[in-house]
Amino acid sequence: MVKKVVKYIINQLDDNILRIFVKWLWPQYKRPRHGYMKNYHVLSQYFITQKIFRINGGIPWPVDFRSKVVGWESIQKGICSDPGDNPGIYINAGGGLTLGNNVNIGQNSILTTTNHYKYDHRKKSHTKGIKIGNNVWIGANVSIVAGASIGDNVTIGAGCFIKGTIPSNCTVVLSEKTLDIIPKTKDYEWDCTLDELG
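Everything numeric here is computed off the predicted structure, so don't read it as measured data. (Residues numbered from 1 in each chain as written. Predicted model: local features only at pLDDT ≥ 70, side-chain atom pairs only at ≥ 80, totals over all residues. Heavy atoms only, no water.)

Draft legend 1. Seen up close, the packing of helix 1 (residues 2-25) against helix 2 (residues 39-52). Orientation of helix 1 relative to helix 2, taken along the N-to-C sense of each, is 30 degrees, at an axis distance of 10 Å. Overall, the two elements helix 1 and helix 2 adopt an arrangement that is roughly parallel. Seen along the crossing, helix 1 lies across helix 2 with a hand that is left-handed. Every residue of helix 2 that contacts helix 1 at Asp 14, Asp 15, Leu 18, Arg 19, Phe 21, Val 22 and Leu 25 is listed here: Asn 39, Tyr 40, Val 42, Leu 43, Phe 47 and Lys 51. Class assignment of the residues belonging to the contact of helix 1 with helix 2 gives a composition of 8 nonpolar, 1 polar and 4 charged. (Axes fitted to C-alpha atoms, helices over the stretch in contact; angles between N-to-C directions. Helix = DSSP H or I, 4+ residues; strand = E, 2+ residues; numbered from the N terminus. Parallel < 35°, antiparallel > 145°, perpendicular 65-115°, else oblique. Left-handed = near helix turned anticlockwise from the far one by under 90°. Contact = heavy atoms within 4.5 Å. Nonpolar A, V, L, I, M, F, W, Y, C, P; charged D, E, K, R; others polar.)

Draft legend 2. Examining the pattern of salt bridges more closely. Going through the model one piece at a time under the given rule, you end up with 8 salt bridges. In this structure, the salt-bridge partner of Arg 19 is Asp 15, at a minimum N-O distance of 3.8 Å. Linking Arg 19 with Asp 15, this pair stays in helix 1, spanning 4 residues, or about one helical turn. (Salt bridge = Lys/Arg side-chain N within 4 Å of Asp/Glu carboxyl O.)

Draft legend 3. Representation of the pairing of strand 8 (residues 120-124). When strand 7 (residues 116-117) meets strand 8, the two strands line up antiparallel, connected through 2 bridges. Note that in strand 8 the partner of His 116 across the bridge is Lys 124. Hairpin connection of strand 7 to strand 8: 2 residues between the antiparallel strands. (Pairing = 2+ DSSP bridges.)

Draft legend 4. Representation of the sheet that holds strand 13 (residues 154-156) in the model. Read across the sheet, 5 strands follow the order 5-10-13-16-17 without closing on themselves; strand pairing throughout is mixed. At either margin of the open sheet sits one strand with a lone partner, and together these are strand 5 (103-105) and strand 17 (179-183). The sheet shows a mean angle of 10 degrees between the axes of neighbouring strands, taken without regard to direction.

Structure (structure tokens):
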């Protein structure tokens, strides 16, 4: 009985007081109010390094201190998408990065929206920008380069190199010599836009 009361009080403090503090610190942090990471976990994982030591300090959503996000002002993101929240991610968004709803980027992944011009490395290439649709899972150690476009409901396996267009409703895996694009057999099941956001 006492455990239930203590748990209830902790949950109420987390949901009503710490949630307000988290929203004030990271105004673009939009996650389901229930069923995701508790607000005290968000604070313990990101607050000291991002808001006190100022590692990725100006970014208005939680970013891991081991990740680097350059040009965050050029990122347009949906809900349940916090680029850089996992360790070791490098994002150069200067050429424009668009993320749909519910996009997860795995550890040690690289997204670079600009590249050097191949005939004069002092100049930037004409190809720029990355577009990623809704409900996309990007596995660990994936590289996505400028000009890439990824559709909705896509799972990208670990270690893939993505350029060009990946269609909606597929799984991308790295085989011995190429990327295999495997169509999915059913629709994505969770619609994050229907949950109450914290």
